Amino acid sequence: QVQLVQSGGGLVQAGGSLGLSCAASGRTLSTYTVGWFRQAPGKERDFVAAISKSGGMTYYADSVKGRFTISRDNAKNTVYLQMNNLELEDTAVYYCAAAPYFWTTRIDLYNYWGQGTQVTVSS
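Everything numeric in this text was worked out from a predicted model, so none of it was measured. (Residues numbered from 1 in each chain as written. Predicted model: local features only at pLDDT ≥ 70, side-chain atom pairs only at ≥ 80, totals over all residues. Heavy atoms only, no water.)

1. Some words on the packing of aromatic side chains
Short version of the rule: Two rings from Phe, Tyr or Trp (for Trp, the six-membered ring) form a pair when their centres sit within 6.5 Å of each other. Planes less than 30 degrees apart are called stacked, planes more than 60 degrees apart edge-to-face, and all others tilted. Segments assigned H or I by DSSP are reported as helices when at least four residues long, segments assigned E as strands when at least two residues long, and all are numbered from the N terminus. Only protein chains enter the accessibility calculation, which uses a 1.4 Å probe; a residue whose area is less than 20% of its type maximum is buried, one above 50% is exposed, and one in between is partly exposed.
Evaluation of the coordinates by the stated rule reveals 6 aromatic pairs. Here F37 and Y110 contribute two aromatic rings whose centre-to-centre distance is 5.2 Å and whose plane-to-plane angle is 75°, an arrangement assigned as edge-to-face. Placement of F37 in strand β4 (residues 33-39) and of Y110 in the loop between β9 (92-99) and β10 (112-113) is noted, with a sequence separation of 73 residues between them. Across the pair, Y110 and F37 agree in class, each one buried.

2. Some points on the side chain of T78
Our working rule: Polar contacts, as used here, are pairs of N or O atoms within 3.5 Å; protein pairs need one atom able to donate a hydrogen and one able to accept it. Residues neighboring in sequence count only if both atoms are side-chain atoms.
Locating T78 in the fold gives a position in strand β8 (residues 78-83). Overall, T78 belongs to the buried group, its relative accessible area being 8%. In terms of polar contacts, T78 uses its side chain to reach the backbone carbonyl oxygen of K76, at 2.9 Å.

3. As for the side chain of Q6
The following threshold applies: Two residues qualify as a contact provided that any one of their heavy atoms is within 4.5 Å of a heavy atom in the partner residue.
Structurally, the position occupied by Q6 is in strand β1 (residues 3-7). When residues no more than four places from it in sequence are discounted, the contact partners of Q6 are S21, C22, W36, Y94, Y95, C96, G114, Q115, G116 and T117.

Following this line, the structure appears as structure tokens:
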């Protein structure tokens, strides 16, 4: 299995930017599709973005399209989520997760999860 460790959460003002990282150990991250998910207080965990094994395919939730960018550096065994023009509604705990498929956006196929990191957007 693969272990995922997240970093980069914190507090940011609306309109600002924040970057999240998801570093893998145990197995090579290039063998996994990686997604980002978030869970706001009192809400279910929602899909944010996903990136294929090679990085050639990406997919975003409509709520973040044009503002967030998912990327990966397989040489560093790390996936990133760059969040720009943050909004109050982006406040949530963000999770990265890995799926052992060449491509998927299905949350049920993501078997390995990071510990989560809090992102808080203030006015």
